[in-house]
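Results of the structural survey
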Amino acid sequence: MPPQRSADRIRVQPLGDTALIAQLGARLDTALNTRAIALAAALKRRRDVRQAVAAHGTVTVQFDPDQITHDALGLAIHRLARKRPPVDEPGRLHRIPVVYDGPDLDTVAAALGLTKDRVIELHGRPIYRVFLVGFVPGWAYLGPLPDELVLPRRAVPRTLVPAGSVAIAGQETGIYPLSSPGGWHLIGRSAVKLFLPDSDPPSLFRVGDRVKFFAASP
Amino acid sequence: MTSSFRVTEGGLLTTIQDLGRPQAVSAGVTPGGAMDRFAHIAANLLVGNDRSAATLECTLTGPRLVAERACLISIAGGDLDPRINGEALPMWTGVDVRAGDEISFARRRGGARAYLAVAGGMIGDRWLGSMSTDLLAARGGMHGRPLAAGDVVSAALQEFPDIAGRSLAAERRPDYGQRVLHAVLGPHASRLTPRSRDALFGSRFTLSHDSNRMGYRLEGGALEAPGEELLSFAMIPGAVQLPAGGRPILLMADHQTAGGYPVVAVVVSASMPVAGQLAPGDETRFEEIAIERALALRAAQRAALESLTS
């Protein structure tokens, strides 16, 4: 099958009067994420763009409407996105010890029809990619999870998830850097410090980094 | 050399704010900054500052401060009944203050947040390029926390310009009392059921009691926007998110940087100052407008601010 012309699938939609969102695709995919990051970097170099933040397969762009219209910037985005996607350089590899004793481990195993040991083994098998840093400082969206571990989010989010909780939801996994509300399934905990307020950037994980979990004893 | 204010009462939530740290969003740090940028900028321009100088954002119950040196100040934004030595202090106006003068706020009369600017600008901890207080990260401003009795807030000492009495014309000030937020449809508005779309723009919402600088949880009829789960994307202030429970959340200055809920509407930039003057328990409603109209409203606000520098 010939490669599809990527630019044709881009959707650009207004996000208020001073921003827009460009969607390159809706899948959890490394190539898509790499293209979003490259597009954000190219947009940041423009004088009419104030901020461009890449996510999984989208770029949220804040711009100066005195310098350019939504339509003109949309056209520029289509043009920029047509460029050959960059080669994805492998990011730094982090090996993170996890104590797999989370409060949802039993229910996750039951819902997936797996043993707890199998859940732990599957979670520690892949080398995950950091797709996006955000939500709260230090949080990183890691994926993709093995298909056997994919579950929807909890129906009722917890009002307080302890810092260090290792969680899964959908095709992704992550570690709560701070105690916060959260709707993901808690399968373990880690003592790793993810939010580094006195570093710049203030996050251990950066987009494109790779993360491997391994089971540790409490 | 600095001039300074001694804090004798911190008030409900008084924080040092500037225009925030938008470049830190890609590291997961909230952009932060003044909730009502119009008032923040106006307060700065009235004392001859750059628009990005730090001010004090005073929330609902303002602080009590004693000036340690003569300085030029201004207070803009929500009307918290500001006083100088107990006498009414004119808002949206540059005012000369002498050493020993006490600045206080009597009660909420309108709006929710007043901005106190001083010639030279307030000085706070600078973190990731901004002095804004990030309460979650506990960084920036007054060591990442609100002001408390016993604090001393420094201000950069400068030859303050002889512009006391400069004022923003009443007709150029935002109409905070109206509480209507102009909004354009968001990227996921097509998910709204027809009834929910009508309810979003036709009904009133009340800010719940857990509304804060991160966002406002809006109570009213539950809205429905069914569809597949989205992968998280980068958010902006003004986005109206719709979580599964159907209660919309309006994202404000300290919003979470990414989220996966549908964005059904976005409050336009010219309405964000009005949004920044809402408090828990207040009623508001959304009015749908076209982007062209949003840009015209934005231009009028810019002209109002430019009237202070010409």
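Residues numbered from 1 in each chain as written. Chains lettered and ligands numbered in written order. Predicted model: local features only at pLDDT ≥ 70, side-chain atom pairs only at ≥ 80, totals over all residues.

**A word on the overall build of chain B**
Within chain B one finds four helices and 21 strands. Referenced to the eigenvectors of the C-alpha coordinate spread, the extents of chain B come out at roughly 60 × 40 × 30 Å. Buried residues in chain B amount to 57% of all 310 residues. A separation threshold of at least 6 residues defines the contact pool for chain B, and within that pool the share at least 24 residues apart is 76%. (Helix = DSSP H or I, 4+ residues; strand = E, 2+ residues; numbered from the N terminus. Buried ≥ 20, exposed ≤ 12 C-beta atoms within 10 Å, placed from the backbone. Contact = placed C-beta atoms within 7 Å.)

**Observations regarding the pairing of strand β2 (residues 19-23) of chain A**
Put simply, side chains in a regular strand alternate between the two faces of the sheet. Residue and element names in this part refer to chain A. Across the five residues that make up β2, a large majority, five, are buried. A two-sided burial pattern is seen for β2, the buried positions comprising Ala19, Ile21 and Gln23 on one face and Leu20 and Ala22 on the other. Of the strand pairs in this sheet, strand β1 (residues 11-14) and β2 are connected by four bridges, and their pairing is antiparallel. Within the sheet, the bridge partner assigned to arginine 11 lies in β2 and is glutamine 23. Hairpin geometry of β1 and β2 is characterised by an intervening segment of four residues between the two adjacent antiparallel strands and by a positive phi of about 80° at glycine 16. By the bridge criterion, five bridges tie β2 to strand β4 (residues 58-63) in an arrangement that is antiparallel. Along β4, the bridge assignment pairs isoleucine 21 with threonine 60. (Pairing = 2+ DSSP bridges.)

**Details of the domain arrangement of chain B**
Residues and elements named next belong to chain B. Domain boundaries in chain B define domain 1 (2-172) and domain 2 (176-306). Taking only C-alpha atoms into account, the centre of domain 1 sits 26 Å from that of domain 2. Each side of the interface is counted separately: domain 1 has 25 residues, and domain 2 has 18 residues. Every element with two or more residues in the side of domain 1 that touches domain 2 is listed here: α1 (37-46), β5 (71-79) and β10 (110-118). For the side of domain 1 that touches domain 2, the element with the highest residue contribution is α1, accounting for six residues. The residue inventory of the side of domain 1 that touches domain 2, partitioned by class, reads twelve nonpolar, nine polar and four charged. (Domains from an automatic or database assignment. Nonpolar A, V, L, I, M, F, W, Y, C, P; charged D, E, K, R; others polar.)

**Here's the deal with the interface of chain A and chain B**
How large an interface is tends to be reported as the accessible area lost when its parts come together. In this assembly, 36 residues from chain A lie in contact with 33 residues from chain B. Every element with two or more residues in the side of chain A that touches chain B is listed here: β1, β2, β3 (49-54), β4 and β6 (128-133) of chain A. Within the side of chain A that touches chain B, the residues separate by chemical class into 19 nonpolar, 14 polar and three charged.

**Focus on the confidence of the model for chain B**
On average, residues of chain B score 95 in pLDDT, and 98% of them are at 70 or above. Both scores are available for the predicted complex, with the pTM at 0.95 and the ipTM at 0.95. (pLDDT = per-residue confidence, 0-100.)

**Comments concerning the environment of isoleucine 127 of chain A**
Tracing the chain through its elements places isoleucine 127 of chain A in the loop between α4 (116-123) and β6. Between the C-alpha atom of isoleucine 127 of chain A and that of leucine 142 of chain A, which follows or precedes it by 15 residues, the distance is 9.4 Å.

**Some thoughts on the nonpolar core**
Ala22 and Val59 of chain A together with Ala42, Ile73, Tyr115 and Ala265 of chain B are the most contacted members of the largest nonpolar core, which totals 157 residues. Per element, the largest residue contribution to this core is seven residues, and it comes from α1 of chain B. With residues up to four places along the chain from it excluded, the contact list for tyrosine 115 of chain B reads Ala34, Asp36, Ala39, His40, Ala43, Thr55, Leu56, Glu57, Ile75, Ala76 and Gly77 of chain B. (Core = buried A, V, L, I, M, F, W, Y, C linked by C-beta atoms within 7 Å.)

**Concerning helix α2 (residues 194-202) of chain B**
For an α-helix the count is 3.6 residues per turn, leaving residues at separations of three or four pointing the same way. Residue and element names in this part refer to chain B. For α2, the set of buried residues is Ser196, Arg197 and Leu200. Seen from one end, α2 has its buried residues packed into an arc of 100°, which puts them on one side. The outward face of α2, more than 90 degrees from its buried face, is lined by the exposed residues Pro194 and Arg195. For α2, the elements touching its buried residues are β20 (263-267) and β21 (283-288). (Arc of directions from axis to C-beta.)

**A short note on the environment of serine 74 of chain B**
Along the chain, serine 74 of chain B falls in strand β5. Note: C-alpha distance between serine 74 of chain B and serine 196 of chain B (122 residues apart in sequence) is 43 Å.

**Some words on helix α1 (residues 30-44) of chain A**
Residues and elements named next belong to chain A. The end-to-end C-alpha separation of α1 is 21 Å, in line with the 21 Å expected for 15 residues at 1.5 Å each. When we look at burial in α1, the residues that qualify are Leu32, Asn33, Arg35, Ala36, Ile37, Leu39, Ala40 and Leu43. At its buried positions, α1 is contacted by β2, β3, β4, α2 (70-81) and β6. (Expected span 1.5 Å × (residues − 1).)

**Describing the sheet that holds strand β14 (residues 205-207) of chain B**
Backbone hydrogen bonds are what pair the strands of a sheet, in a parallel or an antiparallel way. Residues and elements named next belong to chain B. In spatial order, the strands read β13-β20-β17-β18-β15-β14-β21; together these seven strands close into a barrel with mixed pairing. Pairwise comparison of adjacent strand axes, ignoring direction, gives a mean angle of 40° for this sheet. Judged from the three bridges that link them, strand β13 (residues 180-185) and β20 form a sheet pairing that is antiparallel. In the sheet register, alanine 183 faces β20, and the bridge partner there is valine 267. (Axes fitted to C-alpha atoms, helices over the stretch in contact; angles between N-to-C directions.)

**What to know about the environment of arginine 98 of chain B**
With respect to the secondary-structure elements, arginine 98 of chain B resides in the loop between β8 (95-97) and β9 (102-105). On a C-alpha basis, the gap between arginine 98 of chain B and cysteine 71 of chain B in space is 6.6 Å, while along the polypeptide they are 27 residues apart.

**Focus: the domain arrangement of chain A**
All names here are of chain A. Taken domain by domain, chain A consists of domain 1 (6-81) and domain 2 (93-215). The C-alpha-based centres of domain 1 and domain 2 are spaced at 28 Å. Facing the six residues of domain 1 at the interface are seven residues of domain 2. Tallied by class, the residues present in the side of domain 1 that touches domain 2 amount to three nonpolar, three polar and no charged.

**Quick notes on the sheet that holds strand β2 (residues 13-17) of chain B**
Residue and element names in this part refer to chain B. Pairing in this open sheet of five strands is antiparallel, and the strands run β2-β3-β10-β5-β8 from one edge to the other. Of all the strands in the sheet, the pair left with one neighbour each is β2 and β8. Pairs of neighbouring strands in the sheet enclose a mean axial angle of 30°, with direction left out of account. Across three bridges, the pairing between β5 and β8 is antiparallel. Counterpart to isoleucine 73 in the pairing with β8 is valine 95.

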